[in-house]
Amino acid sequence: MIHSWNNVIFHIDMDSFFASVESSKRPELKGLPLVIGSDPKSGSGRGVVSTCSYEARRFGIHSAMPISKAYRLCPDAVFLPVNSKLYKEVSDRIMRILRSYADRFEQVSIDEAYLDMSSKVCDHTTATKFATQIKNKVVETEGITCSVGVAPGKTVAKIASDHDKPNGLTIVQPTEVKQFLAPLPVAKIPGIGKKTEQILKQMQIKDIGELADADIQILMNKFGKHAISMKSIANGIDVRELKDKTEVKSISKEDTFDFDTNDVDKIDSVLMSLCEDVHRTMLRKQFLFRTVTIKVRFKDFTTYTRASTLPFTTNDLETIKKCSRDLMQEFIDKDEFRLIGVGITKLEKIDRKQTLITDFI
Ligand code: TTP
Ligand code: MG
C-alpha cells in the first residue's frame, strides 16, 4: 500500500444542502427544525422529505421519509417546498469555487465533489490549511457549511467527509487508512446497500476490518467479481481516477448523404437515426435537454439551422423525434439535401444523488 502523500483527494459535501441554502437566504430560519420537501398538508401530504436541517434530524426526520411522518415527528418544524432553481444556482457558484482549488475536479452531485489536491498537499498541516481555506470561502460567499474528508483515495475521502458532519474535517493520513476503516460498519462503504449488508452479516462480517480480512474465495462465491473491489476498498486500496467532466453545452450528430437526395423517406429515416444517436449519448452522459436543433445543408452548400425550445426539461426520445420532424417540414421539397444534423442544447445534468447508492448485488 502507498504510505506517502503522493495522492491526496478531498471529498467535499455541503451540510443539509437545500435546508442550508434556505436558511442562508432567510437567517430567521437558522437554528430551527426546517424540512424541505413536498407540502405536508397538516399530516395528510403524500410526498417525501428532500432534506432537513440538523435540528430537524434530532426528531428522527431524514431524507426520503414520507412527509406525513416528518409532520407527525415534528409538527412545529418549518416546512418549505423544494426550490430547485435556487439550489442549482448556489451549487454552480460553490462548484466554481471548489474547482478553482483543485488540480483535477469531479462533481458528483448537486452538493458534493472530489478535488485532487496532490500537487498542493504534502502533509497533515497543508491538508488542514487548504481544507480550512475552502470551508471558509464557501461560508463567506454562500453562508453555508460543508464537511471535508481528506484521504489517499476517493472512497475513503467520501467516508471521511461523512465522519464528522456537520461542518467537519476528517483527515485520514496515508498510514492510518486501514485503522480508520476497520471499526466502521460495512454499510459505510458507498455501494454496500441493505442487501449486501444483510448477506455479510450472515457471514459474521459486520465491520470493514472483518471485510478486509475475509477470505476472498468465500466472498467471491457470494458476490462474484464485486468481491474483489469490496475487499480492496475495505483494505484502503482505491485507485479510481477523478473524472473531470468538462462542461458539455450541446450534443449533436450529423450525417452526409452518400448522394444528394430529396427522397423524403430516406431523409426521415436518417433524421430518426440521428435522433436516436443523440438520445443514446445524452442518456450515457446523464443529461436532460430543453432545446432541439436541426441543421440542413443543401447540395449548393447553403446551410440552415432551426431550433425549438420546450417549456420543460426532458430526456424523452419521442420529443426529440417530433421536434426534429416538425422543424424539418419547412425544408422538405426545397432542394436536394447534402447533409442533415440533429442536436440538443440547454442541457441539465441529472443529479446522480438519487441513483448513486446502488447496491453491489
Ligand atoms: P445529501 O448530501 O445526501 O444530504 P444533505 O446535504 O441534505 O445533508 P448532509 O449534511 O447529510 O450531506 O444530499 C444533498 C441534497 O440532495 C439534499 O440537500 C437534498 C437532495 N436530496 C433529495 O432531494 N433526496 C434525497 O433522498 C437525498 C439523499 C438528497
Ligand atoms: Mg450534503
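Residues numbered from 1 in each chain as written. Chains lettered and ligands numbered in written order. Predicted model: local features only at pLDDT ≥ 70, side-chain atom pairs only at ≥ 80, totals over all residues. Heavy atoms only, no water.

### Thoughts on the coordination of the magnesium ion (ligand 2)
Thought 1: Those protein atoms acting as donors to the magnesium ion (ligand 2) are Asp 13 (OD), Met 14 (O) and Asp 111 (OD), and they sit at 2.0 to 2.2 Å.
Thought 2: Coordination geometry of the magnesium ion (ligand 2): the six donor atoms subtend angles of 78 to 179 degrees at the metal centre, consistent with an arrangement described as octahedral.
Thought 3: Going along the chain, you hit the donors of the magnesium ion (ligand 2) in the pattern D-M-x96-D. Residue Asp 13 is found in strand β1 (residues 9-14), and its partner Asp 111 is found in the loop between β5 (104-109) and β6 (112-116); the two are separated by 98 residues along the sequence.
Thought 4: A residue is classified by how much of its surface remains accessible, and Asp 111, at 6% relative accessible area, is buried. (Donors = N, O, S within 2.8 Å, 3.2 Å for Na, K, Ca; no water. Tetrahedral: all angles 85-135°; square planar, octahedral: opposite > 155°, others 65-115°. Helix = DSSP H or I, 4+ residues; strand = E, 2+ residues; numbered from the N terminus. Buried < 20%, exposed > 50% of the residue type's maximum accessible area, 1.4 Å probe, protein only.)

### Remarks on helix α10 (residues 216-223)
Thought 1: Put simply, Asp 215 is the residue that caps the front of α10, since its side-chain oxygen is 2.8 Å from the backbone nitrogen of Gln 217.
Thought 2: Phi turns positive one or two residues past the end of α10, at Gly 224, with a value near 60 degrees. (Polar contact = N/O pair within 3.5 Å; in protein donor to acceptor, adjacent residues only side chain to side chain.)

### Quick word on the packing of helix α4 (residues 84-101) against helix α5 (residues 124-142)
Thought 1: The N-to-C vectors of α4 and α5 enclose an angle of 155 degrees; their axes lie 11 Å apart at closest approach. As judged from the angle between their axes, α4 and α5 are roughly antiparallel. Read as a crossing pair, α4 and α5 show a hand that is right-handed. Contacts between α4 and α5 involve Val 90, Arg 93, Ile 94, Ile 97, Leu 98 and Tyr 101 on the former and, on the latter, Phe 130, Gln 133, Ile 134, Lys 137, Val 138, Thr 141 and Glu 142.
Thought 2: Grouping the amino acids of the contact of α4 with α5 by side-chain chemistry returns eight nonpolar, two polar and three charged. (Axes fitted to C-alpha atoms, helices over the stretch in contact; angles between N-to-C directions. Parallel < 35°, antiparallel > 145°, perpendicular 65-115°, else oblique. Left-handed = near helix turned anticlockwise from the far one by under 90°. Contact = heavy atoms within 4.5 Å. Nonpolar A, V, L, I, M, F, W, Y, C, P; charged D, E, K, R; others polar.)

### Observations regarding the domain arrangement of the protein
Thought 1: Structurally, the protein comprises domain 1 (9-16 + 85-174), domain 2 (18-84), domain 3 (182-234) and domain 4 (250-349).
Thought 2: Computed over C-alpha atoms only, the centres of domain 1 and domain 3 are separated by 27 Å.
Thought 3: At the junction of the two partners, domain 1 supplies five residues and domain 3 supplies five residues.
Thought 4: Buried surface at the junction of domain 1 and domain 3, summed over both partners, amounts to about 430 Å²; 80% is from carbon and sulfur atoms.
Thought 5: At the junction of domain 1 with domain 3, the criterion picks out one salt bridge.
Thought 6: Our count for the contact surface shared by domain 1 and domain 3 stands at zero residue pairs in polar contact (both at pLDDT 80 or more).
Thought 7: The class makeup of the residues in the side of domain 1 that touches domain 3 is one nonpolar, two polar and two charged. (Domains from an automatic or database assignment. Buried area = accessible area lost by both parts, 1.4 Å probe. Salt bridge = Lys/Arg side-chain N within 4 Å of Asp/Glu carboxyl O.)

### What to know about the pattern of salt bridges
Thought 1: Enumeration over the complete set of coordinates arrives at 20 salt bridges.
Thought 2: Taking the shortest distance from any N to any O, the salt bridge between Glu 112 and Lys 158 comes out at 2.9 Å. Residue Glu 112 is found in strand β6, and its partner Lys 158 is found in helix α6 (residues 154-161); the two are separated by 46 residues along the sequence. Lys 158 shares its class with Glu 112; the two are buried.
Thought 3: Ionic pairing is found between Lys 321 and Glu 276, a salt bridge with its closest N-O pair at 2.8 Å. Of the two residues, Lys 321 sits in helix α13 (residues 317-328) while Glu 276 sits in helix α12 (residues 264-284), which places them 45 residues apart along the sequence.
Thought 4: For Lys 321, a relative accessible area of 12% gives the class buried.
Thought 5: Looking at Glu 276, the relative accessible area reads 31%, which means it is partly exposed.
Thought 6: One salt-bridge network, in which partners are shared between bridges, spans Asp 13, Asp 15 and Lys 165.

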